[in-house]
Amino acid sequence: MSEFDQMYREVILDHYKNPRGHGTLDDADAEADGQNPLCGDEVSIYVAFGEDGETIDEVKFSGRGCAISQAATSMLTEMVAGRTASEVASLDKEELLEEIGIPLTPVRLKCALLGLTTLKVALHKAKGTPLPEGLAGFDELELT
Amino acid sequence: MAVTAQRKLDARALRADFPIFEQLIHGKPLAYLDSANSSQKPRQVIDAMSEFYETSYANVHRAVHVLGERATAGLEGARDKVAAFLNAPESREVIFVRNATEGLNLVAYAWGLSNLGPGDAVVVTELEHHSVFVPFQYIARRQGAEFVMLPLDEHDEVDWSGLDEVAATYNVKAVATNLVSNSLGTIADLAPIVRWAHDQGAIVVCDAAQAAPHLRVDVQALGVDFLAISGHKMCAPSGIGALWGRAELLEKMEPFLLGGHMISSVRYEKTTWGELPHKFEAGTSPIVEAVGLGAAVDYLEAAGLDLIEAHEHELAAYALTRLAEVPGITLYGPPADRRAGVVSFNLEGIHPHDVAQILDRYGVAIRAGHHCCQPLMHHLGVPATNRASFYLYTIPEEIDQLVDGLHGVQEVFA
């Protein structure tokens, strides 16, 4: 299979056309908005915790973006359900990239990671933990 | 017998001047439809720069040796060419900058910091590139002045009718706008705007980055007060552009960048500024890039700006017709006769990033994104568009290749 065929392989297109976890949560325990300034793609992430206030019960997302960003975020919602907030807040991006399983150019890597980055910001904000280096100011899109 | 033949641009012959086309991309001929992003460079420009490095390079304006003289002549010769290209009254009104963005920042800072305050307004449009929008937004607000954006109407045309209302509330000091939209290709009719602005005592700052490569830009005919161009969009290298400004305005302005070359005298007590254009050219200039810009101007003049413009209208018309055949396509922008060689579009249900990625496999290079026009994208209600753009080397077969590629894109997402 060529690299090209892999990038738009069936599983990516399936997640793009039938995104899991697409929608919003009215009473989300954690939420954040993310934007890719290179292409204007936007994603909003909503998280509901379980009774222990730590386990991720459900993740929903809304927004608009390319097949790679939408499919990656869709996969992410399945991947993190049932795991703890602190674990996901420091999730190694390689785990998601392995799941996506396609070769990505540096530009498309940003597409693939938009959902994960936004989810991490949502979790850090909800838990009051400081944003890791590189994510500071991520959620402050208002013009000054 | 005299034959009055309609002269036409020979794009195929010109294309042979561009070495970039001597290769296959993914095994396919290159369809380079991304010239509005940055243009390709003809052999004449590349050679002029190489030759200059090999025979004439030294620093300018300070060396007394022969190479210094040649280099200075090269730089100043390029300035004269750009001045003639823009029909500037004087060469000293042409300031070399990195690109149009830097030229527009120069005006925003060096003019804006001395001329804007509370009660004043700067007017831009919803169709601006960020290079106009952001510097004037920043400087206006920093000075306590109002930053006003005139909206687009339902046909994606600038609605200038709000100008009088803005003037009723604020003292309009500047109108900053593009001559050709980089996203939609719309060619603006600035004449009434310039008249209106000058009646108010306001200046007009013109972003001609997307206009200068494609049609005759005459600063005297336009009547604007400042005008910025980028070399890289008009067959010249990146890293060089020009700002033209009226001498009487430039002379009254404070400098933008400070340092070497832009001074008259430096003492502990006081530093005085040099003459135009040097006052605005601190540090060593992009000398060889300027020589490249001069060579590009020669190249475009030889091809003929009127012929380039006609060629692009023809390509735009062909592209609009061919693209309309593609199911699920939305085309943005004005009719072909009022647009430069730029066509923005979207395919239903397929993000521009995916379109551009798949087109690349067909050897087709387009731009996908917001084109540094997020206010416009907001107006259109989309995060991004696809943009195919043409230049003097573009041939209709490239548009056919684009249309074939788009059918391929739709197959992937079928």
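Residues numbered from 1 in each chain as written. Chains lettered and ligands numbered in written order. Predicted model: local features only at pLDDT ≥ 70, side-chain atom pairs only at ≥ 80, totals over all residues.

Broken down by element type, chain B carries 14 helices and 17 strands. The C-alpha atoms of chain B give 22 Å as radius of gyration, which agrees with the globular expectation for 414 residues (22 Å, within 12%). Based on the C-alpha atoms only, the size of chain B along its principal axes is roughly 75 × 60 × 50 Å. Within the span of chain B, comprising 414 residues, buried residues form 50% of the whole. A sequence separation of at least 24 residues applies to 71% of the contacts in chain B between residues at least 6 apart. (Helix = DSSP H or I, 4+ residues; strand = E, 2+ residues; numbered from the N terminus. Rg over C-alpha atoms; globule rule 2.2 N^0.38 Å. Buried ≥ 20, exposed ≤ 12 C-beta atoms within 10 Å, placed from the backbone. Contact = placed C-beta atoms within 7 Å.)

Along its length, chain A carries six helices and three strands. Across chain A, helices and strands are ordered from the amino to the carboxyl terminus as α-α-β-β-β-α-α-α-α. The 144 residues of chain A split such that 39% are buried.

All names here are of chain A. In this sheet, strand β2 (residues 41-49) lies alongside strand β1 (residues 30-36) in antiparallel orientation, the contact comprising seven bridges. Paired with E31 across the two strands is Y46, which belongs to β2. As paired strands, β2 and strand β3 (residues 56-64) are joined by eight bridges and run antiparallel to one another. Each residue of the ladder has a partner; that of V43, found in β3, is G63. Counting the residues between successive antiparallel strands, the hairpin from β2 to β3 contains six residues, one of them, G53, with a positive phi of roughly 70 degrees. (Pairing = 2+ DSSP bridges.)

This paragraph deals with the interface of chain A and chain B. Every contact between the two is made by 13 residues of chain A and, on the other side, 12 residues of chain B. Of all the secondary structure elements, the ones that give two or more residues to the side of chain A that touches chain B are α1 (3-7) and β2 of chain A.

This next bit is on helix α6 (residues 106-127) of chain A. All names here are of chain A. End to end, α6 covers 31 Å across 22 residues, agreeing with the expected 32 Å (1.5 Å per residue, within 8%). Its axis deflected by about 45 degrees at L113, α6 carries its strongest bend there. Following α6 by one or two positions, G128 adopts a phi angle in the positive range, close to 70 degrees. (Expected span 1.5 Å × (residues − 1). Bend = angle between axes of the 7 residues up to and from the residue.)

Bringing the domain arrangement of chain B into the picture now. All names here are of chain B. Taken domain by domain, chain B consists of domain 1 (11-42 + 304-412) and domain 2 (47-302). Look at where the C-alpha atoms of domain 1 and domain 2 centre, and you get two points 28 Å apart. Between domain 1 and domain 2, the contact holds 29 residues from the first and 29 residues from the second. Among the elements of the structure, α11 (305-324), β14 (342-347) and α13 (374-380) are those that each provide at least two residues to the side of domain 1 that touches domain 2. (Domains from an automatic or database assignment.)

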